[in-house]
Number of protein chains: 2
Amino acid sequence: MSVIVWWLVTVVMVAVHSASAGVVELNWEVEYKLRWPDCKEGIVIAINGEFPGPTIDATAGDTVIVHVTNKLSTEGVVIHWHGIRQNGTPWADGAAGVTQCPINPGETFTYNFIVDKAGTHFYHGHYGMQRSAGLYGMMIVRSPKETLQYDGEFNLLLSDWWHQGSHAQELYLSSRPMRWIGEPQSLLINGRGQFNCSLAAYFNKGGVKECKFKDNDECAPTILRVEPLKVYRLRIASTTALASLNLAVEGHQLEVVEADGNYVAPFTVNDIDMYSGETYSVLLRTHNPTPSRKYWISVGVRGRKPNTTQALTVLHYADAPEYEHLPYPPPVTPRWDDYDRSKSFSKKIFAAKGYPPPPEKSDEQLFLLNTQNLMDKYTKWAINNVSLSVPATPYIGTIRYGLKTLNYQKPPGKEIVEDYDITKPPVNPNTTKGNGIYSFQLGRVVDVILQNSNVLNGRGSEIHPWHLHGHDFWVLGYGEGKFRLGVDEKTYNLNNPPLRNTVALYPYGWTALRFVTDNPGVWFFHCHIEPHLHMGMGVVFAEGVDQIAKMNIPNAVLGCGSTREFLMNRGRH
Amino acid sequence: MSVIVWWLVTVVMVAVHSASAGVVELNWEVEYKLRWPDCKEGIVIAINGEFPGPTIDATAGDTVIVHVTNKLSTEGVVIHWHGIRQNGTPWADGAAGVTQCPINPGETFTYNFIVDKAGTHFYHGHYGMQRSAGLYGMMIVRSPKETLQYDGEFNLLLSDWWHQGSHAQELYLSSRPMRWIGEPQSLLINGRGQFNCSLAAYFNKGGVKECKFKDNDECAPTILRVEPLKVYRLRIASTTALASLNLAVEGHQLEVVEADGNYVAPFTVNDIDMYSGETYSVLLRTHNPTPSRKYWISVGVRGRKPNTTQALTVLHYADAPEYEHLPYPPPVTPRWDDYDRSKSFSKKIFAAKGYPPPPEKSDEQLFLLNTQNLMDKYTKWAINNVSLSVPATPYIGTIRYGLKTLNYQKPPGKEIVEDYDITKPPVNPNTTKGNGIYSFQLGRVVDVILQNSNVLNGRGSEIHPWHLHGHDFWVLGYGEGKFRLGVDEKTYNLNNPPLRNTVALYPYGWTALRFVTDNPGVWFFHCHIEPHLHMGMGVVFAEGVDQIAKMNIPNAVLGCGSTREFLMNRGRH
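Nothing here was measured: the structure is a model prediction, and the numbers come from that model.

Q: Help me out: how do you make sense of the overall build of chain A in this one?
A: Within chain A, the regular secondary structure consists of 7 helices and 34 strands. Here chain A has a C-alpha radius of gyration of 23 Å; the compact-globule value for 573 residues is 25 Å, and the two agree. In terms of overall dimensions, chain A has a C-alpha envelope of 75 × 55 × 55 Å along the principal axes. Residue burial in chain A is summarised as follows: out of 573 residues, 65% are buried. Long-range contacts, defined here as pairs at least 24 residues apart, represent 79% of the contacts in chain A between residues at least 6 apart. In the structure as shown, chain A presents an accessible area of about 21200 Å², 51% of it carried by carbon and sulfur atoms. For chain A, the distance from the average site of its 52 positive side-chain charges to the average site of its 55 negative ones is 4 Å.

If you want it as structure tokens, here you go:
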């Protein structure tokens, strides 16, 4: 199959923007600022002085133009538009070293792309650990023909926060021996959390003190003010560096209707699990409490032994007394290691009616064994024994100009490693660094089987939320233990698998996904846990190498490394 | 006290330099490392894992080639070769935004230049506040025909150290209102200091505890091991971010013989004052103590109200008992605000015999009024009311290709401001940002009169050590109060003024210097206090603009901003 499957693209587009598409044009200055994200002063990366960055509000079909000026002192910067497929504009994907050179201090780079599909998205830094430093914000793409019905909406951008700065964290993780950064000090909802005080302190006599906010306190929570008997859409995105989360609203159920910008068959839960890189829309139906009152919204840690208190905010019914304490304590976050509960949630997610099923068969099968290894005594994450080292020259430029600095003809392994025991620490713990690039022809149906394994030392296996740039993929299934070739494929859901761009790989398990190589470009595929990516947990998919070589890629994204050298010198006279 | 011993290699400087000049070629990797500079863990910028960076040891006439690989995660980097005039290689001067683009992470840039003149020099980062982060090292250029006679030598590289990281410091200084970084926590000698302990604790009962070093402790002092009745050359450089220093050796006088790479008429003192950016060689003659013993070497703060304890190390005579306490306390640093004492030291410095006098008359007079101002409520340092904002494109490239992004035809003022009262805070405290560029034709004799003034708030005036790249200059004189045009010129020393590259501007005073524009290039001239430069305290001298426009400047230094755009696009086909 060597033809782009355009039928897929058109059908999946929930609503085609028929009227003349608009333009959303923004000027952004990115710089460090002193802020109080969790009632303790810290350094954040702000956009136009705002933390989190401004919310982008566009309509499907719009062109989004963002002029990003780097006002950091000595650091480069990029911005990745998480969930936007960048069809035809792969150089605007904002992944440093993959699709562009970092924007130098003092320079302005313009991102220019079409948001072809409605959904709840976000954007974030994708260079070093700048996402961890607070470079993120919401990106809402509205459907011109929204099929969901609701009366109001709220954005909830969830993140985690360390008091140690991101530069120090990078160094710790890169040190020999590796020094772990530990659990976050706070969880933030829309950039707001409380470290040394609690909104719910009066339920714990003698514990942390109650928060007393002053006007305009940067750590005062965003209150969700609602009317009775209405339907609200909560658009939730997790941009955590590390934490897997669970969100609950006291006394209210949540109807899940969207995941990663795709409608899902609605289902109702008491709380939702979220991994870094995921977005959801849930519908919340308000009651008519008499007397009017407030309810907790709580966000807690899952999947790692938590050492971080819940983030809290309040669902505030109209006319509820402003300063009255809430009558009950916040919802309790489910036990961190109740993975069955997590998987049960994941397995409730199916595509909404109307989505076509995936192609019945795949052309290629790519096994990605996730391991934690040692390399020259540095702790690394590796995929098929290769720990990703992103080169100084973006892949997209190296391929465009056929430079010899990248050998994309020699990918790491693709096959399942038959004799690898995923239940034990790696037998040979050593790994190598590499560019981790896999290239695909266009029009191929590719299955990726992510295989989890035991960590480097002791017994344990971690959750990894994998995020693919440039694509949605079908989540075909999850399984326990090692993937059984020729057997587990039969368990795939080929009927109504959800389309997503991020999916969890559970401890000691496997996750299978399918996508079609219909988007020429170079696409990052990586664990969305920022420390894991920093330690090498990613690969790169080069899609349509021949097409990339003919692309008109703006020089502005290639102004570093060997493409800069090549392009500057070819004009020498 | 168990310490690292840096055994002295005694070299009698009668080596004959062969007719053919040599090449010193080095491969450097620059990266952040966790170190214990003052017995407390901190993050330093190391070179090949060393902090301070490796000492360069070359001979006058040699070609020095340094391949610098940037291993920082997201930051650019450059290295300035402080004291090297870069005649014919102005693009190798290593001043970010002036003579080159920062080296991007993952890239290697090669500095290639001739060290034409013997002397005690050093090198350091010149981007953001990376010098403050520890990016520095010694650079010794030996004379093939050394006229000084000595039996051995030691390098002493002096610096100051903060526990707050340099990124946070940059942000504090750039915040509105400005947040001052405070005095350093420690002074370091060759990157080694002691914060929570003291070598001399036993003289202060109940105070800080005595240092107990373990083997290979990174904060154990460099001991100077000497023989009796010998002559030692101490090569001393100050690369402090802020502190002005005083160095004394207990029981020994110091004969000053070299300043900033130029021989001076020898004079003997009990201690020397040093400002950031200065280097000295002093000859120390050992006695014959019986029994053999140890003496203190102490370094303390001058010119600012100190809040930092002295840095200490030991002059250890052969056969002195290794673990015995020293009999007397360390030398006391002179009172911080005894400026007369400081000036008295400066005024003892004259060129050694044999140096020709400066040209008798100057062709141009450039007055540089140093003020502290407010700009849009940001605190800035300004020169003639312009606070330097280094552009994203290096001046040298903008001039080379005649790009319109820099208007060097419109310099800031050059004249003395007749009605400015330097004894009071600025009447109009507002200032503007600018590129601060002055251009000169070649072959001109230029006098620069640096004029100090009162700070922004309250009464006070600070010391500013001004450093000129690409040149030595003659220090014609120092004066009190406001420079009197037509009067103070008559006090100039035109007989034997010392040649230097750094000179102090004292509180409320003026300093006059003269240089000849004989080195085509773009040369930074700035206060060497890193926070002051960060806040705009500098100007740029473009020398021989017509010659620069014809220079063969390597593309590798122009790969950013508008020169990158220009050079990449001219090759488009």
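So that's the structure; there's more coming.
Q: Sorry if this is basic, but what is going on with the domain arrangement of chain A here?
A: Many authors give the size of an interface as the accessible area that is lost as the parts come together. Residue and element names in this part refer to chain A. You can read the domains of chain A as domain 1 (6-143), domain 2 (159-346) and domain 3 (364-568). One C-alpha centre belongs to domain 2, the other to domain 3, and the line joining them spans 30 Å. Between domain 2 and domain 3, the residue contacts involve 28 residues of the former and 23 residues of the latter. Of the roughly 2300 Å² buried at the junction of domain 2 and domain 3 (both faces included), carbon and sulfur atoms supply 55%. Its salt-bridge partner being Arg 500, residue Asp 260 comes within 3.1 Å of it at the nearest N-O pair. At the boundary of domain 2 and domain 3, one finds 18 residue pairs in polar contact (both at pLDDT 80 or more). Where the side of domain 2 that touches domain 3 is concerned, the elements lending two or more residues are α2 (166-174), β19 (279-285) and α3 (339-346). When the residues that make up the side of domain 2 that touches domain 3 are grouped by side-chain class, the tally is 11 nonpolar, 11 polar and 6 charged.

Q: Honestly, the relation of the copies chain A and chain B in this entry has me stumped. Any pointers?
A: What relates the two chain copies is a rotation about an axis together with a slide along it. Superposing chain A onto chain B takes a rotation of 180 degrees combined with a translation of 0.0 Å along the rotation axis, leaving an RMSD of 0.0 Å. Viewed as a symmetry operation, the transformation between the two copies matches a two-fold axis. A share of 100% of the interface residues of chain A reappears at the interface of chain B, consistent with the copies meeting face to face through the same patch.

Q: Which parts of the structure should I look at to understand the pairing of strand β20 (residues 294-302) of chain B?
A: A regular strand places its side chains so that they alternate between the two faces of the sheet. Residue and element names in this part refer to chain B. Burial runs high along β20: 9 of the 9 residues are buried. Judged by which residues are buried, β20 turns out to be covered on both faces: Lys 294, Trp 296, Ser 298, Gly 300 and Arg 302 on one side and Tyr 295, Ile 297, Val 299 and Val 301 on the other are all buried. Pairing between strand β15 (residues 244-249) and β20: 6 bridges, direction antiparallel. Each bridged residue has a counterpart across the sheet, and for Leu 245 the counterpart in β20 is Val 301. Sheet topology note: the β20/strand β21 (residues 311-317) ladder contains 6 bridges and is antiparallel. Residue pairing in the sheet places Trp 296 in a bridge with Val 314 of β21.

Q: Explain the packing of aromatic side chains to me, please; I cannot follow it from the model alone.
A: The geometry of an aromatic ring pair comes down to the distance between the two centres and the angle between the two planes. All names here are of chain A. A complete count under the given rule lists 52 aromatic pairs over all chains for this structure. Considering the side-chain rings of Trp 28 and Trp 81, the 5.8 Å spacing of their centres and the 40 degrees angle between planes classify their relative orientation as tilted. With a gap of 53 residues between them, Trp 28 in strand β1 (residues 23-35) and Trp 81 in strand β5 (residues 79-82) connect regions that are remote in the sequence. In terms of burial, Trp 28 and Trp 81 fall into one category: buried. Between Trp 81 and Phe 113, the aromatic rings sit 5.2 Å apart at their centres with planes inclined by 40 degrees, giving tilted as the arrangement. Separated by 32 residues along the polypeptide, Trp 81 in strand β5 and Phe 113 in strand β6 (residues 108-114) bring together distant segments of the chain. For Trp 81, a relative accessible area of 0% translates into the label buried.

Q: How should I be thinking about the state of the cysteines in this particular structure?
A: Disulfide: a covalent bond connecting the sulfur atoms of a pair of cysteines. Residue and element names in this part refer to chain A. Tallied over the full model, the rule gives 6 disulfides over all chains. Disulfide pairing is shown between Cys 197 and Cys 211; the S-S distance is 2.1 Å. Because the sign of the S-S torsion sets the handedness, a value of about 95 degrees for the bond joining Cys 197 and Cys 211 places this disulfide among the right-handed ones. With a gap of 14 residues between them, Cys 197 in strand β11 (residues 197-198) and Cys 211 in the loop between β12 (209-210) and β13 (224-226) connect regions that are remote in the sequence. Counting its disulfide-bonded cysteines in sequence order, chain A shows a connectivity of 1-5, 2-6, 3-4.

Q: I tried to follow the packing of helix α7 (residues 561-569) of chain A against helix α6 (residues 561-569) of chain B on my own but got confused; where do I start?
A: Two measures define how a pair of helices packs: the angle their axes make with one another and the distance between the axes. Packing of α7(A) against α6(B) brings their axes to within 6 Å, and their N-to-C directions diverge by 60 degrees. One finds that α7(A) runs oblique with respect to α6(B). The chirality of how α7(A) crosses α6(B) is left-handed. Of the residues in α6(B), those touching α7(A) at A:Arg564, A:Leu567 and A:Met568 are B:Arg564, B:Leu567 and B:Met568. Broken down by class, the residue content of the contact of α7(A) with α6(B) amounts to 4 nonpolar, no polar and 2 charged.

Q: What is the right way to read empty space enclosed by the protein from this model?
A: Where empty space is left becomes clear once a probe the size of a water molecule has been rolled over the atoms. All names here are of chain A. Scanning the model with the defined rule gives 14 cavities of 30 Å³ or more in all. Volume-wise, the second largest cavity comes out at about 80 Å³. Lining the second largest cavity are 12 residues, with Ala 118, Gly 119, Arg 233, Gly 261 and Tyr 263 sitting closest to its centre. Contributing elements (two or more residues each) for the lining of the second largest cavity: β14 (231-238) and β17 (262-269).

Q: How should I be thinking about the nonpolar core in this particular structure?
A: Membership of the largest hydrophobic core comes to 118 residues, with the highest contact counts inside it found for A:Ile79, A:Trp81, A:Tyr111, B:Ile79, B:Trp81 and B:Tyr111. Apart from residues no more than four positions distant in its own chain, B:Trp81 is found in contact with B:Trp28, B:Ile56, B:Val66, B:Gln86, B:Ala92, B:Asp93, B:Tyr111, B:Phe113, B:Phe122, B:Tyr123 and B:Met139.

Q: Whenever I open this one, the UniProt feature "domain: Plastocyanin-like" (unreviewed entry) in chain A confuses me. Can you help?
A: All names here are of chain A. Within this structure's numbering, the places UniProt gives as "domain: Plastocyanin-like" (unreviewed entry) are residues 30-145, 154-318 and 427-545. Secondary structure over residues 154-318 splits into 5% helix and 45% strand, and the C-alpha atoms at its two ends are 16 Å apart. Across residues 427-545, the secondary structure splits into 5% helix and 45% strand, with the terminal C-alpha atoms separated by 36 Å.

Q: Mind showing me how you'd approach the sheet that holds strand β19 (residues 279-285) of chain B here?
A: Adjacent strands of a sheet form backbone hydrogen bonds with each other and so pair up, either parallel or antiparallel. Residues and elements named next belong to chain B. An order of β10-β9-β14-β19-β16-β17 is seen for the 6 strands of this open sheet, with the pairing classed as mixed. Each edge of the sheet is formed by a strand with only one pairing partner; in this case those strands are β10 (186-189) and β17 (262-269). When strand polarity is set aside, the average angle formed by the axes of neighbouring strands in this sheet is 25 degrees. With 5 bridges connecting them, strand β16 (residues 254-259) and β17 associate as antiparallel partners. Within β17, the residue paired with Glu 258 across the bridge is Tyr 263.

Thresholds, definitions, all that
- Every chain is numbered on its own, with residues counted from 1 as its sequence reads.
- Chains and ligands are labelled sequentially in the order written, the chains with letters from A and the ligands with numbers from 1.
- For a predicted model such as this one, the threshold for reporting local features is a pLDDT of at least 70, and the threshold for listing and counting side-chain atom pairs is 80 or more; totals across whole chains, interfaces and linings nevertheless cover every residue.
- Values shown for side chains rest on all heavy atoms present in the structure; no hydrogens or waters enter the calculation.
- Secondary structure elements are taken from DSSP: a helix is a run of H or I of four residues or more, a strand is a run of E of two residues or more, and numbering for both begins at the N terminus.
- Radius of gyration: C-alpha atoms only; globule rule: 2.2 Å multiplied by the number of residues to the exponent 0.38.
- The buried label goes to any residue with under 20% of its type's maximum accessible area, the exposed label to any with over 50%, and the partly exposed label to all in between, with areas taken from a 1.4 Å probe on protein chains only.
- In this analysis, two residues are considered to be in contact whenever any of their non-hydrogen atoms come within 4.5 Å of each other.
- Methods summary: accessible areas were calculated by the Shrake-Rupley approach with a probe of 1.4 Å, and residue burial reflects only the protein chains presented.
- Residues counted as positive are Lys and Arg, residues counted as negative are Asp and Glu, and His and the chain ends are not counted.
- Lysine's charge is taken at NZ, arginine's at CZ, aspartate's at CG and glutamate's at CD.
- Domain segmentation is taken from an automatic or database assignment of domains.
- As used here, buried area is the combined drop in accessible area, with a 1.4 Å probe, of two parts when they are placed together.
- Any carboxyl oxygen of Asp or Glu within 4 Å of a side-chain nitrogen of Lys or Arg constitutes a salt bridge here.
- Here a polar contact is recorded for every N or O atom pair within 3.5 Å, except that within protein the pair must consist of a potential hydrogen donor and a potential acceptor, and residues adjacent in sequence are included only if both atoms are side-chain atoms.
- Throughout, the ten residues Ala, Val, Leu, Ile, Met, Phe, Trp, Tyr, Cys and Pro are labelled nonpolar, Asp, Glu, Lys and Arg are labelled charged, and all others, Gly among them, are labelled polar.
- Superposing the copies works by least squares over the C-alpha atoms of residues that have pLDDT at least 70 in both of them.
- Whether two strands pair comes down to DSSP finding at least two bridges between them.
- Pairing of aromatic side chains requires ring centres within 6.5 Å, counting the rings of Phe and Tyr and the six-membered ring of Trp. Pairs whose planes differ by under 30 degrees are stacked, by over 60 edge-to-face, and all others tilted.
- Throughout, a disulfide means two cysteine sulfur atoms within 2.5 Å of one another.
- Here an angle of 0 to 180 degrees is reported between the N-to-C directions of two axes, which are lines fitted to C-alpha atoms, with helices fitted over the stretch in contact.
- For classification, angles of less than 35 degrees are called roughly parallel, those exceeding 145 degrees roughly antiparallel, those between 65 and 115 degrees roughly perpendicular, and all remaining angles oblique.
- Helix crossings get a hand from a simple test, with the near helix turned counterclockwise from the far one by less than a right angle marking a left-handed crossing and a clockwise turn marking a right-handed one.
- Here a cavity is any set of points on a 1 Å grid over the protein atoms alone where a 1.4 Å probe fits but cannot get out, and a pocket is any open set with protein on both sides within 12 Å along at least 5 of 7 lines; a residue lines the site when it has an atom within 4 Å of a point.
- Grid points are joined across faces, edges and corners, and a volume is the space filled by probe spheres set on the points.
- Nonpolar cores were defined as sets of buried Ala, Val, Leu, Ile, Met, Phe, Trp, Tyr and Cys residues, with membership established by side-chain atoms within 4.5 Å.
- UniProt positions are given in the numbering used here, feature names are shortened, and annotations may be inferred rather than shown by experiment.

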